Amino acid sequence: MIWDFIYKYYVGPTLNGEPYTIVDTLTYALILILAVYLVYRWLKKTGIDIDQEFIVSTIPFVVLGGLLRVVEDTGIIPRPWNVILVTPVIFFVVFFITVTLLVIARTLEKNGLIASYTRGYAAGGICACIITAAVLVYFGITETRIALGVLVTILAMAAVSSAAVWSLLRYGLKWSFADDILYKLLIFGHMLDASATSFGIDLHELTYVEVHVVGSHLIEATGTAFSMFALKLAVIIPAIYVLEMYRKEGNSQLWHLIILAMIVVGMAPGIRDMVRMILYV
């Protein structure tokens, strides 16, 4: 009976690419919370500063997660090996890559081979992104297409909506802390996700669907995927306020990891959806 439950809600959806349910959504949310805490404890123990520079240096790995997910979408990895790039397994894969490059960069800095481990760490993530992007570009050229118009449109939607949200916070609500680069990345990541979802479902030539529980119900209820922008605003504006209040309590390091986690859940799927649509997969 336990195995049937696990297969129904976790193994089956992972292997078959089925939409998320409330059960696996809540499970993955709890895993994310636990992971943030465990990573926080590990970084504290290793003496790595969890600050703005570290979080910005981690952003390439967020992008990498989205790109690797598209590699699986292309179908170039045969079953069952493709499961390593499917949620939730891909989280562990990207985490392993991230930690490995972080440890390597830290070791190189200690041995005087590089001046800054954060720069080396970020460079490793950028190189991994370039390699993965090259694979996807080759696939697009040889198997499908590369729709640059889709890229420009989605990025323009994300940029305009991000600027509008930031202006609302900075000048409408007078939140001067919205100038923080991490809040800007948080806003952009979620506006990119909303832009890609809206474009893919309502405007793209192919038929894409929203697989997340809340988003899919909202789109069904409103009749348009552009309602995702309202959902994002309803989440990120209160979240930014709460985050800032938490930062004022004094635990800056944990605050940095929490905001990184929030950037991940917006930017990574946004990157994935956008690149899928560019490649028509």
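What counts, and at which threshold
Residues numbered from 1 in each chain as written. Predicted model: local features only at pLDDT ≥ 70, side-chain atom pairs only at ≥ 80, totals over all residues. Heavy atoms only, no water. Helix = DSSP H or I, 4+ residues; strand = E, 2+ residues; numbered from the N terminus. Expected span 1.5 Å × (residues − 1). Buried < 20%, exposed > 50% of the residue type's maximum accessible area, 1.4 Å probe, protein only. Arc of directions from axis to C-beta. Contact = heavy atoms within 4.5 Å.

The chain has the name DUF63 family protein in an unreviewed UniProt entry, where Methanogenium organophilum is given as its organism.

## A look at helix α4 (residues 89-110)
Side chains that are three or four residues apart share a direction in an α-helix, a result of its 3.6 residues per turn. The terminal C-alpha atoms of α4, which comprises 22 residues, lie 32 Å apart, in line with the 32 Å expected from a rise of 1.5 Å per residue. When we look at burial in α4, the residues that qualify are I90, V94, T98, V99, L102, A105 and R106. Buried positions in α4, seen along its axis, are confined to an arc of 160 degrees and lie on one side of it. With respect to the buried face of α4, the exposed residues turned more than 90 degrees away are F92, F96 and K110. For α4, the elements touching its buried residues are α2 (22-46), α3 (52-74) and α5 (117-142). After α4 finishes, the residue G112 shows a positive phi value of roughly 75 degrees.

## Overview of the environment of H190
Among the structural elements, H190 can be located in helix α7 (residues 181-202). By relative accessible area, which is 6% here, H190 ends up buried. Here H190 is in contact with K232, I236, M262, V265 and G266, once residues within four sequence places are set aside.

## Comments concerning unusual backbone geometry
Residues apart from glycine generally show negative phi values, whereas peptide bonds are mostly found in trans. Geometrically, the link from R79 to P80 is a cis peptide bond, its omega value of 0 degrees lying close to zero. Note on placement: P80 falls in the loop between α3 and α4. A cis amide bond links T87 with the next residue in sequence, P88, at an omega value of 5 degrees. Secondary-structure assignment places P88 in the loop between α3 and α4. You will see that K174, though not glycine, has its phi angle at about 65 degrees, which is positive. Structurally, the position occupied by K174 is in the loop between α6 (148-172) and α7. Given the relative accessible area of 63%, K174 is considered exposed. Phi at Y280 takes a positive value of approximately 60 degrees, unusual for a residue other than glycine.

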